[in-house]
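Fold and geometry: a report
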Amino acid sequence: MKVKRYFAANMRSALEQVRQEQGPDVVILSNRKVDGGIEILTAIGEPDAELIERFTPRGTRERAPQPLTEAPPMAAAAVAPATVTTTEPLWTSQETVIQMQREIGAIKSLLEQQLSGFAWHEFSNRSPLQARLLRVLTQLGIAPALGRNLVSTVDEQREFPAAWRQVLATMQARLTCLDDPILRFGGHIALCGATGVGKTTLASKLAARYALARGSNKVALISTDDQRLGAHQQLRTFGRLVGITVLSVRGVDELPDTLAELRDRELVLIDLPGFAPSDPAFRRTLATLGGLPSRVQTYLTLSASTDFHALERVVQAVDGLPLAGCCLTKLDEAASLGPALSAVIAARLPVAYVTAGQQVPDDLDAATTALLFEQMLSMGKTRPVPAESAFIEQAFAL
Ligand SMILES: Nc1nc2c(ncn2[C@@H]2O[C@H](COP(=O)(O)OP(=O)(O)OP(=O)(O)O)[C@@H](O)[C@H]2O)c(=O)[nH]1
Ligand SMILES: [Mg+2]
């Protein structure tokens, strides 16, 4: 076995020299930086155990050096990459690496937690009034992003009561309520939303109220839910009880004919099936409704007892679709009204009606900002959302 020394200004040219002179089967014994460039020592001929031992760094003796046709050292891979084969498991699947990834993940979340803690404390020291306002908004269930945005314009020099009134006024200005649009003007109204939020109950309440005010022959209901067992029946039974016409269709495509049949009705309520926000049929159905020749106004039904992230998913699912507004249900079941108001403010959805109970037609009110704010504040007083430091620090990091 013969040792040969190569010298070049950089690693690339040194390897190029080795490759040109000795081809891919050369054994690289060592490579190191020396004055003015890189030195590579190579071996040719039959392997010499003693020589290999001398040039193998401690801790890697069982693996290196090797011919370039086997698992290559870093530099050798550049010489003959196409001939490299290895049966060793990929390094990413090795147990130790997986364990390291887990530990890095844990350190990362610990760091994030600490950073959000620092951020909150730094914020509290710098802007104590804004921090106090944010804490109260958190107790009302207001989503962190909206809360931070609301307090950001408050002047630190103000007294707390005046600053709080300013925050409420800013929030109120961002919330739009519609003035009883369905019961005042009728029309073709579709109610959409996630499963079980109270669409059919709301449609029944609106129909019954309209019938009480203007006569049952002025209103009709259409059930479009052919998926859920008994869905058509639920509305039909209600219709029979209160003397309101109820028709069923197998899908929204059949609506134009049915709406034409009901042309003498002032108010036609279309009860849609419930959809999971991720179901593409949700958007498809709403898009079809938007394209019907007869104008159909669609309202999104949101349950106030749902948490903010679930509400956010629903409003994002209908983003960009033509909605007339939304209705908030199950206020009686909600622990706080903050999440629902945060979601509708973020989505700029006007609120038309609220419901707070199962009674048809009693538990229904036209939405007003005064009513919603009064509810939100009284819920916050009786059932404040926990706003201990740990909770608010986490919210502050989001
Ligand atoms: N507590 C309370 N329950 C309500 C309210 N509105 C509806 N519910 C109840 O919620 C349940 C589901 O109501 P539905 O009207 O069938 O809901 P849906 O959205 O039509 O459901 P799917 O058609 O299955 O998607 C029923 O038990 C209703 O009585 C409300 O404001 N408060
Ligand atoms: Mg229903």
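As shown above, the structure is provided for reference.
Attention here is on the structure that accompanies the text. Source: prediction; values computed, not measured.

1. What about the overall build of the protein chain?
Per the secondary structure count, the protein chain includes 15 helices and eleven strands. In the protein chain, the proportion of contacts linking residues at least 24 apart, taken out of those at least 6 apart, comes to 75%.

2. Examining the nonpolar core
Membership of the largest hydrophobic core comes to 77 residues, with the highest contact counts inside it found for Leu269, Leu302, Cys326 and Ala340. Among the elements that take part in this core, helix α8 (residues 199-214) stands out by supplying six residues, more than any other. If near-sequence neighbours (up to four positions away) are discounted, Leu302 is found in contact with Gly193, Val197, Leu311, Val314, Cys326, Leu328, Ala340 and Ala343. Core analysis: the next-biggest nonpolar cluster, separate from the first, contains ten residues, Val26, Val27, Ile28 and Leu29 among them.

3. Some words on the pairing of strand β5 (residues 219-223)
Most of β5 sits inside the fold, with five of its five residues counted as buried. Of the pairings in the sheet, the one linking β5 to strand β7 (residues 267-271) comprises five bridges and is parallel in character. Note that in β7 the partner of Ile222 across the bridge is Ile270. Relative to strand β6 (residues 245-248), β5 runs parallel, the two being bridged by four bridges.

4. Details of the packing of helix α12 (residues 308-317) against helix α13 (residues 338-346)
In contact at an axis separation of 9 Å, α12 and α13 are set at 25° when each is read in the N-to-C sense. Between α12 and α13, the interaxial angle falls into the category roughly parallel. Between α12 and α13 lies a crossing of right-handed hand. Contact residues: α12 offers Phe308, Leu311, Glu312 and Val315, while α13 offers Pro339, Ala340, Ser342 and Ala343. The residue makeup of the contact of α12 with α13, split by class, is six nonpolar, one polar and one charged.

5. Digging into the pairing of strand β4 (residues 187-193)
Among the seven residues that make up β4, six are buried, leaving the element largely enclosed by the rest of the structure. Sheet topology note: the β4/β7 ladder contains five bridges and is parallel. Paired with Ile189 across the bridge in β7 is Leu269.

6. Remarks on the packing of helix α4 (residues 128-139) against helix α6 (residues 160-174)
Here α4 crosses α6 at 55°, and the two axes come no closer than 11 Å. When the interaxial angle is binned, α4 and α6 end up oblique. For the pair α4 and α6, the sense of crossing is right-handed. From α4, Leu129, Arg132, Leu133 and Val136 reach across to α6, where they touch Phe160, Ala163, Trp164 and Val167. Of the residues in the contact of α4 with α6, the class split is seven nonpolar, no polar and one charged.

What counts and what doesn't
Residues numbered from 1 in each chain as written. Chains lettered and ligands numbered in written order. Predicted model: local features only at pLDDT ≥ 70, side-chain atom pairs only at ≥ 80, totals over all residues. Helix = DSSP H or I, 4+ residues; strand = E, 2+ residues; numbered from the N terminus. Contact = placed C-beta atoms within 7 Å. Core = buried A, V, L, I, M, F, W, Y, C linked by C-beta atoms within 7 Å. Buried ≥ 20, exposed ≤ 12 C-beta atoms within 10 Å, placed from the backbone. Pairing = 2+ DSSP bridges. Axes fitted to C-alpha atoms, helices over the stretch in contact; angles between N-to-C directions. Parallel < 35°, antiparallel > 145°, perpendicular 65-115°, else oblique. Left-handed = near helix turned anticlockwise from the far one by under 90°. Nonpolar A, V, L, I, M, F, W, Y, C, P; charged D, E, K, R; others polar.

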